[in-house]
Amino acid sequence: MRAFHYHYHEPATLVEALSLLEGHGDSAHVLAGGTALVPLMRSGLVLPEHVVALERIPNLREIGIAPDGGLSIGALVTHREIERSALVERFFAPLAETFGRVATIRIRNQGTIGGNVIHADPASDPPPMLLALDAQAVIASGTTMRTAPLAEFFRGFFETALGRAEIVTTIHIPPPMRGARGVYLKFLPGSEDDFATVSVATVVHLEDGVCRHARIGLGAVGSTPLRARRAEAVLLGSALSPKTIAEAAAIAKSEVEPYDDARGSANYKRRMVEVFVRRALERLRAA
Amino acid sequence: MSLVTPRAAGTRLESNERRIDGDAKVSGAAKFAADFELPGMLWAAFATSPVAHAKIGSVDATAARAMPGVRAVLTGADIGEHCFGRRLFDRPAIAVDRVRFIGECVAAVAAETRQQAEEAAAAILVEYDELPALFEPEEALAPNAPVLHEHPERYHFHGGTRPSAPHPNIQGESILAKGDVEAAFAGADRIFEDEFTTPRYHGGYIEPRATVVWIDDDGIVHIVGTNKSPYAFREGFSICTGVPLEKVRIEPAYIGGDFGGKGLSVDEYPCYFLSRATRRPVKYVRSYLEDMRSGTVRHASRTTLRTGVTSDGKIVAVDAKIVFNGGAYAAGKPIATLVPGMDPKLPYDIPAGRLRRTAVYTNTVPGGHMRAPGDVQFIFAFESQLDIIARELGIDPFELRLRNAVRDTGSDLDGVPYLQPAALRVLERLRELRPRRPLAPGRGRGIALGVRHIGGGKAELSLRLDASGKVTVQTSAMEQGMGVFSVVQRVVAVELEIDPSLVSVQQLPAMDGAPVDPGAGASRQTHVTGGAALRASQRLRELVQSAAPEWPQRLDWHAAARIAAREGIVVRASFEAVHHHEPAEHGFCGIAVEVDAQTGQVTLHDAVCVADVGTVVNPVALRGQIAGGFVMGLGDAMTEELRVVDGRIENASLADYKLPAQVDVPPLRFVPIEGFPGPGPFGAKMAGEINTAAVAPAIANAIADACGARVHDLPLRAERVLAAIERVRGLHDDDTS
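Residues numbered from 1 in each chain as written. Chains lettered and ligands numbered in written order. Predicted model: local features only at pLDDT ≥ 70, side-chain atom pairs only at ≥ 80, totals over all residues. Heavy atoms only, no water.

Trainee: What exactly am I supposed to notice about the domain arrangement of chain B here?
Mentor: Often, the extent of an interface is quoted as the loss of accessible area on bringing the components together. All names here are of chain B. Per the domain assignment, the segments making up chain B are domain 1 (6-30 + 456-577), domain 2 (33-133 + 208-255 + 261-294) and domain 3 (297-454 + 581-736). The centre of domain 1, based on its C-alpha atoms, is set 35 Å off from the matching centre of domain 3. Buried surface at the junction of domain 1 and domain 3, both sides included, amounts to about 1700 Å², of which 62% is carbon and sulfur. Taken together, domain 1 and domain 3 are joined by 0 salt bridges. At the level of elements, helix H13 (484-496), helix H14 (525-547) and strand S26 (569-577) are the ones that each hand at least two residues to the side of domain 1 that touches domain 3. At 6 residues, H13 tops the list of elements feeding residues into the side of domain 1 that touches domain 3. Broken down by class, the residue content of the side of domain 1 that touches domain 3 amounts to 10 nonpolar, 10 polar and 4 charged. (Domains from an automatic or database assignment. Buried area = accessible area lost by both parts, 1.4 Å probe. Salt bridge = Lys/Arg side-chain N within 4 Å of Asp/Glu carboxyl O. Helix = DSSP H or I, 4+ residues; strand = E, 2+ residues; numbered from the N terminus. Nonpolar A, V, L, I, M, F, W, Y, C, P; charged D, E, K, R; others polar.)

Trainee: What is the right way to read the interface of chain A and chain B from this model?
Mentor: Taken together, the contacts link 26 residues of chain A with 28 residues of chain B. Buried area between chain A and chain B, summed over both chains or domains, comes out near 2100 Å², and the portion from carbon and sulfur atoms is 46%. Across the chain A-chain B interface, the total number found is 4 salt bridges. When the shortest N-O distance is used, the salt bridge between Arg279 of chain A and Asp596 of chain B registers 2.8 Å. Looking at the side of chain A that touches chain B residue by residue, the class counts come to 11 nonpolar, 6 polar and 9 charged. (Contact = heavy atoms within 4.5 Å.)

Trainee: Is there a simple way to think about the pattern of salt bridges in this case?
Mentor: Pairing between side chains becomes possible if they bear opposite charge and their charged atoms approach one another. Residues and elements named next belong to chain B. Following the criterion strictly, the structure yields 63 salt bridges over all chains and no others. The residue Asp375 makes a salt bridge to Arg452 at a minimum N-O spacing of 2.9 Å. Remark: Arg452 occurs in strand S22 (residues 443-452) and Asp375 occurs in helix H10 (residues 375-393); sequence separation between them is 77 residues. Taking the relative accessible area as the measure of exposure, Asp375 reaches 4% and is therefore buried. We classify Arg452 as buried; its relative accessible area is 5%. It is possible to trace a salt-bridge network through shared partners that takes in Glu182, Arg306, Asp319, Lys321 and Arg354. (Buried < 20%, exposed > 50% of the residue type's maximum accessible area, 1.4 Å probe, protein only.)

Trainee: Please clarify how the sheet that holds S26 of chain B should be interpreted in this entry.
Mentor: Strands pair in a sheet through their backbones, by hydrogen bonds, and they do so in one of two ways: parallel or antiparallel. Residue and element names in this part refer to chain B. Pairing within the open sheet is mixed, and its 4 strands lie in the order S25-S24-S23-S26. At either margin of the open sheet sits one strand with a lone partner, and together these are strand S25 (503-507) and S26. Taking each pair of neighbouring strands and ignoring which way they run, the sheet shows an average axis angle of 25°. Note that strand S23 (residues 457-465) and strand S24 (residues 471-475) share 4 bridges and pair antiparallel. Within S24, the position partnered with Arg464 by the bridge is Thr472. Packed on one face of the sheet, H14 meets S23, S24 and S26 and runs near 140° to S26. (Pairing = 2+ DSSP bridges. Axes fitted to C-alpha atoms, helices over the stretch in contact; angles between N-to-C directions.)

Trainee: Explain helix H15 (residues 557-564) of chain B here, please?
Mentor: Along an α-helix, residues three or four apart share an orientation, since each turn contains 3.6 residues. All names here are of chain B. Along H15, the residues that are buried comprise Trp557, Ala559, Ala560, Ala561 and Ala564. Residues of H15 that are buried make contact with S23, S24, H13, H14 and S26. Capping of H15 at its N-terminal end is provided by Asp556; its side-chain oxygen lies 3.2 Å from the backbone amide nitrogen of His558. (Polar contact = N/O pair within 3.5 Å; in protein donor to acceptor, adjacent residues only side chain to side chain.)

Trainee: Please explain the pairing of S26 of chain B as it appears in this structure.
Mentor: Looking down a regular strand, the side chains alternate between one sheet face and the other. Residues and elements named next belong to chain B. Every second residue of S26 is oriented toward a common face, the buried set being Ile569, Val571, Ala573, Phe575 and Ala577 and the non-buried set Val570, Arg572, Ser574 and Glu576. Of the pairings in the sheet, the one linking S23 to S26 comprises 9 bridges and is antiparallel in character. Note on S26: the bridge partner recorded for Glu460 is Ser574.

Trainee: Would you mind going over the sheet that holds strand S1 (residues 42-48) of chain B with me for this structure?
Mentor: Residue and element names in this part refer to chain B. Read from one edge of the open sheet, 7 strands run S3-S8-S1-S16-S13-S14-S15, paired in mixed fashion. Where the open sheet ends on each side, the last strands, each with one partner, are strand S3 (70-75) and strand S15 (248-250). In this sheet, adjacent strand axes meet at a mean angle of 20° when their direction is disregarded. In this fold helix H4 (residues 114-122) packs onto S1, S3, strand S8 (105-111) and strand S16 (282-285), with an angle of close to 25° to the strand it touches most, S1. Packed onto the sheet, helix H8 (residues 268-278) meets S1, S3, S8, strand S13 (210-215), strand S14 (221-224) and S16 and runs at close to 35° relative to S13.

Trainee: What is the right way to read the packing of aromatic side chains from this model?
Mentor: Between two aromatic rings, the relevant description is the distance of the centres plus the angle of the planes. Using the criterion set out here, one finds 19 aromatic pairs over all chains in the structure. Ring centres of Phe157 of chain A and Phe158 of chain A lie 4.8 Å apart, and the angle between their planes is 85°; this geometry places the pair in the edge-to-face category. Exposure remark for Phe158 of chain A: the relative accessible area of 36% places this residue in the partly exposed category. Residues Phe46 of chain B and Tyr284 of chain B carry aromatic rings whose centres are separated by 4.5 Å and whose planes lie at 55° to one another, so their mutual orientation is tilted. Linking Phe46 of chain B in strand S1 with Tyr284 of chain B in strand S16, this pair joins segments that are 238 residues apart in sequence. Exposure remark for Phe46 of chain B: the relative accessible area of 14% places this residue in the buried category. Residue Tyr284 of chain B is classed as buried on the basis of its relative accessible area, which comes to 5%. Through pairs of rings, three or more aromatic residues link up here, namely Phe84, Phe233, Phe237, Tyr269, Tyr272 and Phe273 of chain B. The side chain of Lys31 of chain B reaches across the aromatic face of Phe36 of chain B, ending 4.3 Å from its centre. Just above the ring of Tyr205 of chain B sits the side chain of Lys262 of chain B; from NZ or CZ to the centre is 4.1 Å. (Phe/Tyr/Trp six-rings, centres within 6.5 Å; stacked < 30°, edge-to-face > 60°. Lys NZ or Arg CZ within 6 Å of the ring centre and 35° of its normal.)

Next up, the structure:
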C-alpha cells in the first residue's frame, strides 16, 4: 500500500511538538528531513496516524560551540551543512569529512543529524564517527532535558533509547583532545552510491608516540552502530606498531555480528572489519 | 534492396541532431501513460499472491466489494481464463485456480481513487492451498518434478505450432548444430570445460509500467500503455480478450525507457476487464516493486561450455548448454523457440559446434527480454572461457581472438553464412588503440568481443507534403527512448535536402488503416522504420521532381513544394527486412581495472568501446546508445542482481537493486568504425544492443589479468573476486560467495 491518511502537524515550538507526541502516543512520528521516514511510509513499514514535522521549530538548525568547548549541532542541521561548516572543520575535520560521505549530495541536502541518529540505521555513516567522538544526544521531554551517550542511545536494530514523547534537539560532541586524529573509511565495493558494506571510524590520541585515547566506531556490522571496545583497549599504551594494529584489527573482527545481505555475507563483512580497522589505524599512525 | 543511395547525404549526416522530442521531454509537456487522466476515470489495484505456488482455495471479496468507492472486484472465476503472451499465451490476466509466482494477480479492483482501490485489494481474502514450489531449473527438470502447467494444449501459440519439448516443465528449447562435433573434439589438443552463471536483472528504466484503458460508445477499446510494439500487442490483446482486432486501438504515448521489457503488457488486461465491467476508464500505475516482478526480467542462466582447441589456439569444436530460469510463464518471450533472444552469433570461425539453449518453468518471477537477450548470458561465458584458454595455452588473449576471428567466409553455428564479417577490422582497430605501457602491479586489462544481428521486421509510414514545404511524417512507431522520431526526421530531411525543422512527426494510434510498425526491439528501428522513411522520401522526391523538374538544381524547396503540393501530397511506403541475411554488427569492449587483493574490490580505470556501426544517422543518439549500453553492461557486471530467494524478490527497490551511478562509470572512449555500410538508411547498422554483452566478460578478463583470479558468476562482486584470489593462492577451498 502506498497511499493512506495521516494528520500532518507543523508545531511552531518544541513545547507544542512534545505535547502533540504526548497526546498521540505511538501513533505519532516525528519528521525531520524525511529521508528515512518517507521511504518507510511509502513502503508501508511505518504507518503513522500523525506526522509531527519539526521544520518550524526555531533553534534546531544551529551549529555552535558549547560551554564545555564541545560542538553542539541542532537536530535539524543537514548532513551537507555539517560537511561544509567551517566551524566543524576547525573543531575536528574528520567529522566534516564523515558527513561528506553520506549517500549523495541530494540526500545530504535533505537529511538531518537528528533524524539520522533517531533512525539508528546500523549502516549509516555518521554514527560510527559520532560514537568514536563520544557524542551525546540531548533529549527534550515535556518538562525536562536529559542527555544520553550515543553508545547507550543505540539500543537495537533501528531502535533507540528515545522515549515515546521525547525529541532529540541537539547532538553534543565533547571537545577531542588537542592533536587527536581521526579517520572514517567507508567500504563501497559495488556502487559509490550505496550504504557501506562495512565502515570504520577511528579516533586516537598519541602523547609522545604512545596511544592515550582510542575509539573505534563500526557501521553495518551488527544490529546497531557499535564500538569495538576490546580492540580500543589493545591500543591504549601502545605505540600503534604494525603488530598492535594487526592485533586490534583481529579483535575488532571478533566484536561484530554482521548479517548476510546483498552487500556481502556475514563472514566477508567480518573479514572486511579486520582489513578496514587495520587500514584506518595505519592511516592514523602515518598521519 | 540496398538503402544506400548515391546521393547519400555527406555532411548533412555529420552535424549533431537536435532531438525532436527533446523540448517536450525536458519541459514536461511529453505525455507518458501515467499522465493520462480521463473524465470518470477509476483506479485499479490488484490482490497478488504472497505464495510461490498454490491452488487457489477460495477468494472472498465480500468485504472489498462493500468498501467505499469500489466499483468492481473481479477474480479469475469472474472473467474466466484469459491468457496473454508475446508468443505463447500462458499467463492469465487474473489467475483462475492456481498461482505460480509471488506477485501474480489473483483479483482486480476498480475504485474511485487509488487509495480506495488499494485498500479494497488488501481486503480481499484468498485461501491458498500451497503446492511444492520449484525455484531452480535443475529441480524443475527432475523426472518426477511437479508439472507447473498441466494443460499447455489450451495455450495459444502465436503464428504456428509450439515445438514439443522433452520435459513438461521446459518452456522452449533451441538446438543448433554444425559439423561432426564429437569427431571434431577428438581432434582437439586440449578440451576446456567451464560453468558460468548469470543472475536476473531488471531493465532499470525510469518509468514503471502504467496504463489507462477505456471503451468508447462504438465498442472500441482504447489502450494507453507502455508497450513498445503496438501492433503485436494489439493482436495479442485481441486474442487474449476476444475483442475483435478492428475494435482495439493502441493510443500514442511516450514510453519512459524500455530496454526490451516493455514488449510485454501485463496490467492492460485486467484493466480492460475492469473497464468492461464498470463502463468507465480504468488506470493503473505500478510501483517499482511491482514492476520488478512484472515478468520481463532478464533470465538467470547457467552455461556449461566445452571448447576444444589445437595447441596453437585454433578452436576446433564448441559444445554449449545454457539453461535459463524462465520463471512461471513464458509469456514475455517473443521468439518461437521460447528461449530468450534469437540464435546467438559468434564472431569466430567455429568448424563444428553444438548449442543447446533451454528455458525452464519455475515458481519465480517470469523472465522476458532485456537488451541483447540471451547474448549477455552466452557472451559472458564464451568470452570468459576464451581468456581461460589463452592463459592456459600461453597465448595473448588478443592474438587468440585474431586467430579465430571470422574472415571472409564462415558461418554461424546454425550454418547461416556471415556477410561482411567485421571481427578482424574491429580487432585491428583495437590493436592500434592498445596502450603500450606496462601495467602497474594489481592492474589488468581485459577485452571481449560481441556480434549481433540487425533486427528486421516490416514498417510502414506516410509523408504528407504541404504547399508551404512542410513535411509531416505519420507513423505508429513508439518512442521508448531510442529516438526513432529523430531518426525518421533526419532521414527525411537528408533525402529531401531540406532543413530538419521542416519535418515533423505525428504519432498515430495502432489501428486498422494506420501505418504498421514492428515496434522497437532487436535494434531494428533505425534499420526498418528509418528504412520506410527513406523509401517514402525517395518517392516524395520523385513526385516533387516530376512536378517541378528544376528542383533542386535551379529551384528552391519552398518554390518546388508550392508547385508540387498545391493540394498536398501524401506518399506511403513500407520497408521490410529479415533478421539473418544482413551483415551483422560487431562490437568490442576493452577495460582496465585495479583489484584490491585484500578486499576483492575492483576499480575501473578506463574503458573503450569499438563498434562497427555503419553510417551514423544520429550522432548524439549513437553516443547515447553506446554509453548507455556500456553502463547497462557495467551494472550487469558489477552491481545489479535481482536477488530471488524461495521465489521472493529480496531487493525490490532501487535502493537495494543497485544500478551504476554516474560516479561508478569509468572514462569511456567510443571508437566507431565507419565505411562498411549496413542495410539501414544511407548504410546505417544498429547500436542499441552492440556492446552491453561484452562489458562483463571484459571486466572478468581484466580481473584475471590483474590478479589471476577467475570469477565465473555475475555479478563480479568483491566478495567473489576475493574468494577467487584466495583460491589462486590456495587459501580457500570452499566458495563462500
